[in-house]
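Spelled out, the chains give:
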Amino acid sequence: MYGLLSKLIMTGKLKFGPGEITAFKDPFCLIDLYSLKKMTDDAILGGPKEISRLYFYGWVFGYRTTKNMIKILNLRKFEERYKVAMDVIGLLGFGDYKTLSFKRADHAKFRLLKNPFSLLYHPYDKFVCHYIRGMEAGGGTLVHEILINNLEFECGAINGHYCYHENLSQENIDKLDKKFVSEQLDLQYLKKRQREVVEEAGDDPSALGL
């Protein structure tokens, strides 16, 4: 992970200038996790629709960053795209990723160890990684080259140790309990907005199954 950070800085793909940070040609900034916590608190209070809205914002981050990263680093192989995408999320300070299983155009299952964001909440009784799930899914969509969405099954806010997330194709999501899915993903709302982001990026939504 730190080798990737050094490489990005040395090659100018991550640049720090007067009043600006640029990563993979997009403007970036550092945000305190307490700010994201307030956004998450509001989303949880607003229910599934607001949770999906916050998730969508993370999905945009993941999609745009991964699109630029794949192009700039010339990542052609699925395994390369997956590894670098996971390393980049780790560099952002959301914990250390441990992959449990992945299959192209199907799924990626991983634990997020010592995620400092979820641990801000511990002890708590709800899942909180909605923005992070969105980041994982937005990046996963380009890694897998098919629409990917993400569900949280365990959260460090509750267990105090790790989060367990799954990036899943729609086919896999359809096999899960509908109530469980609907509490985290408003798919009708999300797919409409995801399609807009894909089109704005100059990509073909139909190629991703949108």
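The rules behind each value
- Residues numbered from 1 in each chain as written.
- Predicted model: local features only at pLDDT ≥ 70, side-chain atom pairs only at ≥ 80, totals over all residues.
- Heavy atoms only, no water.
- Salt bridge = Lys/Arg side-chain N within 4 Å of Asp/Glu carboxyl O.
- Helix = DSSP H or I, 4+ residues; strand = E, 2+ residues; numbered from the N terminus.
- Contact = heavy atoms within 4.5 Å.
- Buried < 20%, exposed > 50% of the residue type's maximum accessible area, 1.4 Å probe, protein only.
- Disulfide = S-S within 2.5 Å.
- Pairing = 2+ DSSP bridges.
- Phe/Tyr/Trp six-rings, centres within 6.5 Å; stacked < 30°, edge-to-face > 60°.
- Lys NZ or Arg CZ within 6 Å of the ring centre and 35° of its normal.
- Axes fitted to C-alpha atoms, helices over the stretch in contact; angles between N-to-C directions.
- Expected span 1.5 Å × (residues − 1).

A.B. asks: I would appreciate a short explanation of the pattern of salt bridges in the present structure.
C.D. replies: Counting across every chain of the model gives 10 salt bridges. Close ionic contact of Lys179 with Glu183 constitutes a salt bridge, the shortest N to O distance being 2.6 Å. It is possible to trace a salt-bridge network through shared partners that takes in Arg81, Arg104 and Glu145.

A.B. asks: It is not clear to me how the side chain of Thr141 should be interpreted in this structure. Could you clarify?
C.D. replies: Looking at where Thr141 falls in the secondary structure, it is placed in helix 6 (residues 130-144). Not counting residues up to four positions away in its chain, the partners in contact with Thr141 are Trp59, Tyr63, Ile146, Leu147, Ile148 and Leu208.

A.B. asks: Looking at this model, I keep getting lost on the environment of Arg195. Mind explaining?
C.D. replies: As for its placement among the helices and strands, Arg195 is situated in helix 10 (residues 187-200). Judged by relative accessible area, which is 33%, Arg195 ranks as partly exposed. Between the alpha carbons of Arg195 and Asp174 there is a distance of 19 Å; along the sequence they are 21 residues apart. Setting aside residues up to four positions removed in sequence, Arg195 forms contacts with Pro205 and Leu210.

A.B. asks: Can you walk me through the state of the cysteines in this structure?
C.D. replies: Two cysteines whose sulfur atoms are joined by a covalent bond form what is called a disulfide. Here the structure, examined in full by the defined rule, presents zero disulfides. Here Cys155 is not disulfide-linked; the sulfur of Cys129 is the nearest cysteine sulfur, at 4.0 Å. Given the relative accessible area of 2%, Cys155 is considered buried. Unpaired in this structure, Cys163 has its nearest cysteine sulfur neighbour in Cys129, at a distance of 3.6 Å. A residue is classified by how much of its surface remains accessible, and Cys163, at 0% relative accessible area, is buried.

A.B. asks: Please clarify how the pairing of strand 4 (residues 96-103) should be interpreted in this entry.
C.D. replies: Consecutive side chains along a regular strand alternate between the two faces of the sheet. Note that strand 4 and strand 5 (residues 107-113) share seven bridges and pair antiparallel. Within strand 5, the residue paired with Thr99 across the bridge is Phe110. If you look at the hairpin formed by strand 4 and strand 5, you'll find three residues sitting between the two strands, and Ala105 has a positive phi there, around 60°.

A.B. asks: Explanation requested: the packing of aromatic side chains in the structure shown.
C.D. replies: Here the distance between the centres and the angle between the planes together describe a pair of aromatic rings. Inspection of the entire model under this criterion finds 11 aromatic pairs. On the numbers, 4.8 Å between centres and 15° between planes, the contact of Tyr82 with Phe102 is stacked. A residue pair is termed long-range when its members are at least 10 positions apart, and Tyr82 in helix 4 (residues 78-91) and Phe102 in strand 4 qualify at 20 residues. Taking the relative accessible area as the measure of exposure, Tyr82 reaches 6% and is therefore buried. Relative to Tyr121, the ring of Phe117 lies with its centre 5.7 Å away and its plane at 75°, an arrangement referred to as edge-to-face. One exposure class covers both Phe117 and Tyr121, and it is buried. One Lys or Arg, Lys37, reaches over the ring of Tyr121 and ends 4.4 Å from the middle of that ring.

A.B. asks: How do you make sense of the sheet that holds strand 5 when you look at a structure like this?
C.D. replies: Across a sheet, strands are paired by hydrogen bonds formed along the backbone, either parallel or antiparallel in direction. Ordered by their spatial adjacency, four strands build an open sheet running 4-5-7-6, and the pairing between neighbours is antiparallel. This sheet does not close on itself; its edge strands, each paired only once, are strand 4 and strand 6 (149-154). When the angles between neighbouring strand axes are averaged without regard to direction, this sheet yields 20°. The pairing of strand 5 with strand 7 (residues 162-168) spans seven bridges and is classified as antiparallel. Considered in strand 7, the bridge of Phe110 is made with His165.

A.B. asks: How do you make sense of helix 4 when you look at a structure like this?
C.D. replies: Side chains three or four residues apart in an α-helix point the same way, a direct result of the helix having 3.6 residues per turn. With 14 residues, helix 4 extends 20 Å between its outermost C-alpha atoms, agreeing within 8% with the 20 Å of an ideal straight helix rising 1.5 Å per residue. A large share of helix 4 lies buried, amounting to 10 of its 14 residues. Along helix 4, the positions that sit buried rather than exposed are Phe78, Arg81, Tyr82, Val84, Ala85, Met86, Asp87, Val88, Ile89 and Gly90. Positioned one or two residues after helix 4, Gly93 has a phi angle of 95°, which is positive.

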